[in-house]
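# Coordinate analysis (summary)
Chain residues, written in single-letter form:
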Amino acid sequence: ILIQLIKKLTKFSVIATASRPETIEWVKKMGSDHVVNHRNPLPAQVKDLGLQPKYVICLNGTEGHIEGIIELIQARGRIAIID
């Protein structure tokens, strides 16, 4: 639902994470603009997209991704964690 809310209420570009073909298709169907694999380092994948997010929302597995999120987010960016 979060992807749909962000797309409906903002003009933000959404980068979702998924690793299986069916979940990749699902986040795309929900409206994600980009998909990266959460099983691989996030900073390199996001950099390959040519993006540096100002806002990051982490819904689960934060302990495994927080260092990468800090690396990829813009200076003075915002991180929301709902684990």
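Parameters at a glance
- Residues numbered from 1 in each chain as written.
- Predicted model: local features only at pLDDT ≥ 70, side-chain atom pairs only at ≥ 80, totals over all residues.
- Heavy atoms only, no water.
- Helix = DSSP H or I, 4+ residues; strand = E, 2+ residues; numbered from the N terminus.
- Buried < 20%, exposed > 50% of the residue type's maximum accessible area, 1.4 Å probe, protein only.
- Contact = heavy atoms within 4.5 Å.
- Salt bridge = Lys/Arg side-chain N within 4 Å of Asp/Glu carboxyl O.

The phi angle at R76 is positive, at roughly 60°, despite the residue not being glycine. Here R76 lies in the loop between α4 (62-72) and β4 (78-81). The class for R76 is exposed, based on a relative accessible area of 76%.

Once that is clear, we can look at the environment of Y55. In this structure, Y55 sits in strand β3 (residues 55-58). For Y55, a relative accessible area of 44% translates into the label partly exposed. For Y55 and L72, which are 17 residues apart along the polypeptide, the C-alpha to C-alpha distance reads 10 Å. Every residue in contact with Y55, bar those within four places of it in the chain, is listed here: F12 and R78.

Attention shifts here to the pattern of salt bridges. What the rule picks out here adds up to 2 salt bridges. A salt bridge links K7 to D33, with the shortest nitrogen-to-oxygen separation between them at 2.7 Å. Taken together, the residues K7 in helix α1 (residues 2-9) and D33 in the loop between α2 (21-30) and β2 (34-36) connect sequence positions 26 residues apart. Using a relative accessible area of 31% as the deciding quantity, one classes K7 as partly exposed.

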